[in-house]
Amino acid sequence: MVEIDPWGVEDIEDYTRLFEEFGISPFKELLSRIEKPHPYMRRGIIVGHRGYEEVLRAMRERSKFAVMSGFMPSGRIHLGGKMVMDEIIWHQRMGGDAFACIADMESHSVRGVSWKECREIGLNDYIVSLVALGFDPEKGHIYFQSENKKLQDLAFELGTEANFSEISAIYGFSGDVSISHMTSVLVQNADILQPQLLEYGGPKPVVIPVGVDQDPHIRLTRDIASRMRMWEVEKDRNKNQNLSIRISLKEGRDRGLNTTPGAAVQEMLKRMKEKGYQDIREYDMHLNVYYTPSSLTESYIQGVEEIVKEFEMEHGGYGFVLPAATYHRFMQGLTGGKMSSSIPESYIALTEPPEEAARKVKLAKTGGRVTVEEQKRLGGLPGECTVYELMMSHLIEEDDHVKEIFEECKSGKRICKSCKSEAAELMFSFIKRHQEERERAKEVLKKHELYKQWFR
Ligand code: SF4
């Protein structure tokens, strides 16, 4: 039996299975290492991660890191999209270089949305709300895929390391999928890796906040990023239990080299020695060093990786660090089941009239019992209640207040009618305030050197 707490979910077992199957790590294990975690982190809304330790380390050491995520402009911006925006903004405030992509190439090729509509929805719904929620456009980067030539070039280059069968197997593509649709997958891989290009400061940890359904994109991008590397740094343990690091030039990825592979290995060896790594030796076209388990430290390995990356970039490589991801839970649709853009009652758009948003809350599916008497006796089921989810995810800042609602609901002290009225009022105020912020955001964007062209 899975314990349900104020931040718990009824479908936690599904997520646990997902983690075991795909190797996603539970996020809560990292929580104590984060100075001021976002409420989504504290409340278990972000359930998992892949490789987020590197991002945390960069945050702690005040070194470079980035955050990026994308929005497909095919429907109105709703509370599900807001979750991704909140996560980008939090990482930007924590010092990350922030990237927000309007995935218009994906929307056009996959959903058939016209370029004109992509532009209008992307700009008026997504970008304006992003800035209204707190994204700093001065420090961050907002772009449309279709306008970004560097991104498209990178996608083309990444395509040299991905093939038709692999992409088809991951996404379930059959022979009738258009080439543009397939290409849009590579453009998304490029979106994820773009923050590591030289013009954005080169290789660094990058986190991609996404819903758990987006994990195939993350895994594919990590695979491609690794294949794009010129050098491989492998850690191994031999039969005497000694650890070794093996640094080798990857076959087929030495095409940018302006020297022969043999000379490259020699040059790498020289650099390692110059930087103090005296014990590294050359063995048959690769470099190697053996250590006892206690003497090989993380900082030693990081130092080696830094030298390798530096060399790689001087020779036309990318030196990509594997991108990290955080995974948040899906929000339930207000009518029960999934949130769907084809069912307006199932979601709340950030641009809809506040009265309408409040009305939807009052009609939303709850975890209440059939009668008031039964609810007082048995208590409600907040883990199954979309109104509770709205309050926990978007409407209430103080943890104690959310806990109180949870306890009152479970004990039968709280009744759905008044609870929904409270949530509807909070939603009304939130949407109204957000729309006022949107007006201010429009003015900021219209005056901004980089973004004002979109408003002509
Ligand atoms: S009392 Fe509130 S939290 Fe509990 S089930 Fe009803 S609406 Fe949901």
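Residues numbered from 1 in each chain as written. Predicted model: local features only at pLDDT ≥ 70, side-chain atom pairs only at ≥ 80, totals over all residues. Heavy atoms only, no water.

Assigned secondary structure in the protein consists of 17 helices and eleven strands. The C-alpha atoms of the protein give a radius of gyration of 25 Å, which matches the 23 Å a tight globule of 456 residues would have. Reported as C-alpha extents along the three principal axes, the dimensions of the protein are approximately 80 × 55 × 45 Å. Residue burial in the protein is summarised as follows: out of 456 residues, 51% are buried. In the protein, 73% of the contacts between residues at least 6 apart in sequence involve partners at least 24 apart. Counting only carbon and sulfur atoms, one obtains 50% of the accessible surface of the protein, whose full area is about 21,800 Å². (Helix = DSSP H or I, 4+ residues; strand = E, 2+ residues; numbered from the N terminus. Rg over C-alpha atoms; globule rule 2.2 N^0.38 Å. Buried < 20%, exposed > 50% of the residue type's maximum accessible area, 1.4 Å probe, protein only. Contact = heavy atoms within 4.5 Å. Areas by Shrake-Rupley, 256 points an atom, 1.4 Å probe, with all protein chains shown as cover.)

This part takes up the packing of helix α15 (residues 386-395) against helix α16 (residues 399-411). The angle between the axes and the distance between the axes are what describe a pair of packed helices. Close contact between α15 and α16 brings their axes to 10 Å; oriented N to C, the two are set at 165°. What the angle tells us is that α15 and α16 run roughly antiparallel. Here α15 and α16 pass one another in a crossing that is left-handed. Contact residues: Y388, M391 and M392 in α15; V402, I405 and F406 in α16. Class assignment of the residues belonging to the contact of α15 with α16 gives a composition of six nonpolar, no polar and no charged. (Axes fitted to C-alpha atoms, helices over the stretch in contact; angles between N-to-C directions. Parallel < 35°, antiparallel > 145°, perpendicular 65-115°, else oblique. Left-handed = near helix turned anticlockwise from the far one by under 90°. Nonpolar A, V, L, I, M, F, W, Y, C, P; charged D, E, K, R; others polar.)

Taken domain by domain, the protein holds domain 1 (12-228 + 321-328), domain 2 (231-314) and domain 3 (344-455). Placing a centre on the C-alpha atoms of domain 1 and another on those of domain 3 gives a separation of 26 Å. Summed over both sides, the interface between domain 1 and domain 3 buries roughly 2,400 Å², with carbon and sulfur atoms accounting for 62% of that surface. Summed over the three residues of domain 1 that lose the most area to domain 3, namely R43, R76 and L79, the buried surface amounts to 28% of that side. In this structure, the connection of domain 1 to domain 3 is made through two salt bridges. (Domains from an automatic or database assignment. Buried area = accessible area lost by both parts, 1.4 Å probe. Salt bridge = Lys/Arg side-chain N within 4 Å of Asp/Glu carboxyl O.)

A word on the environment of T221. Within the secondary structure layout, T221 lies in helix α10 (residues 215-227). Accessibility expressed as a relative area gives 1% for T221, which makes it buried. Considered as a pair, T221 and Q188 are 33 residues apart in the sequence and their alpha carbons are 8.5 Å apart. In this structure T221 touches N189, I192, L193 and P323, once residues within four positions along its chain are discounted.

Taken together, T366, G367, G368, Q375, C385, Y388, C409, R414, I415, C416 and C419 make up all the residues around the ligand. When the residues that make up the shell around the ligand are grouped by side-chain class, the tally is six nonpolar, four polar and one charged. (Near = heavy atom within 4 Å.)

As a further point, take unusual backbone geometry. Look at R62: it is not a glycine, yet its phi comes out positive at around 55°. Its place among the elements puts R62 in the loop between α3 (52-61) and β3 (66-71).

Before going further, it helps to examine the packing of aromatic side chains. As enumerated under the stated definition, the model contains ten aromatic pairs in all. Relative to Y52, the ring of F27 lies with its centre 5.5 Å away and its plane at 50°, an arrangement referred to as tilted. Highlighted residues: F27 in the loop between β1 (25-26) and α2 (39-42) and Y52 in helix α3, separated in sequence by 25 residues. For F27, a relative accessible area of 0% translates into the label buried. Under the relative-accessibility criterion, Y52 is labelled buried at 0%. Taking the centre distance of 5.8 Å and the plane angle of 50° together, the rings of Y388 and F406 count as tilted. Here the residue Y388 occupies a position in helix α15, and F406 occupies one in helix α16, the gap between them amounting to 18 residues. Accessibility assignment for this pair places Y388 and F406 in one class, buried. An aromatic cluster is defined as three or more aromatic residues linked by ring pairs; in this entry it consists of F144, Y451 and W454. (Phe/Tyr/Trp six-rings, centres within 6.5 Å; stacked < 30°, edge-to-face > 60°.)

Within helix α7 (residues 149-158), burial applies to L151, L154, A155 and L158. Angularly, the buried residues of α7 cover 105° about the axis, an arc narrow enough to put them on a single face. Set apart from the buried face of α7 by more than 90 degrees, the exposed residues are K149 and F156. On the buried face of α7, the contacting elements are β5 (141-144), α9 (179-193) and α10. The N-cap of α7, judged by a side-chain oxygen 3.3 Å from the amide nitrogen of K150 a few residues on, is N148. (Arc of directions from axis to C-beta. Polar contact = N/O pair within 3.5 Å; in protein donor to acceptor, adjacent residues only side chain to side chain.)

All right, on to the sheet that holds β1 then. Sheet strands pair by backbone hydrogen bonding; their relative direction is either parallel or antiparallel. Judged by pairing direction, the sheet is mixed, and its seven strands sit side by side in the order β1-β2-β11-β6-β3-β4-β5 without closing on themselves. Across the chains shown, the open sheet's two edge strands, defined by having one partner strand only, are β1 and β5. Two elements, β1 and strand β2 (residues 46-50), share two bridges in a ladder whose sense is antiparallel. Looking at β2, one finds that P26 is bridged to G48. Docked against the sheet, helix α4 (residues 79-93) engages β2, β3, β4 (97-102), β6 (206-211) and β11 (324-328), running at close to 160° with respect to β3. (Pairing = 2+ DSSP bridges.)

It is worth spelling out helix α17 (residues 416-447) at this point. With 32 residues, α17 extends 46 Å between its outermost C-alpha atoms, agreeing within 8% with the 46 Å of an ideal straight helix rising 1.5 Å per residue. For α17, the complete set of buried residues consists of C416, C419, K420, A423, A424, M427, F430, I431, H434, R438, A441 and L445. Looking at the buried residues of α17, the elements they touch are α4, α6 (115-133), α13 (354-363), α14 (372-378) and α15. (Expected span 1.5 Å × (residues − 1).)

Once that is clear, we can look at the pairing of β4. For β4, the buried fraction is high: five of the six residues fall into the buried class. Judged from the six bridges that link them, β3 and β4 form a sheet pairing that is parallel. Considered in β4, the bridge of S69 is made with A100. When β4 meets β5, the two strands line up parallel, connected through four bridges. Looking at the pairing, C101 lines up with Y143 of β5.

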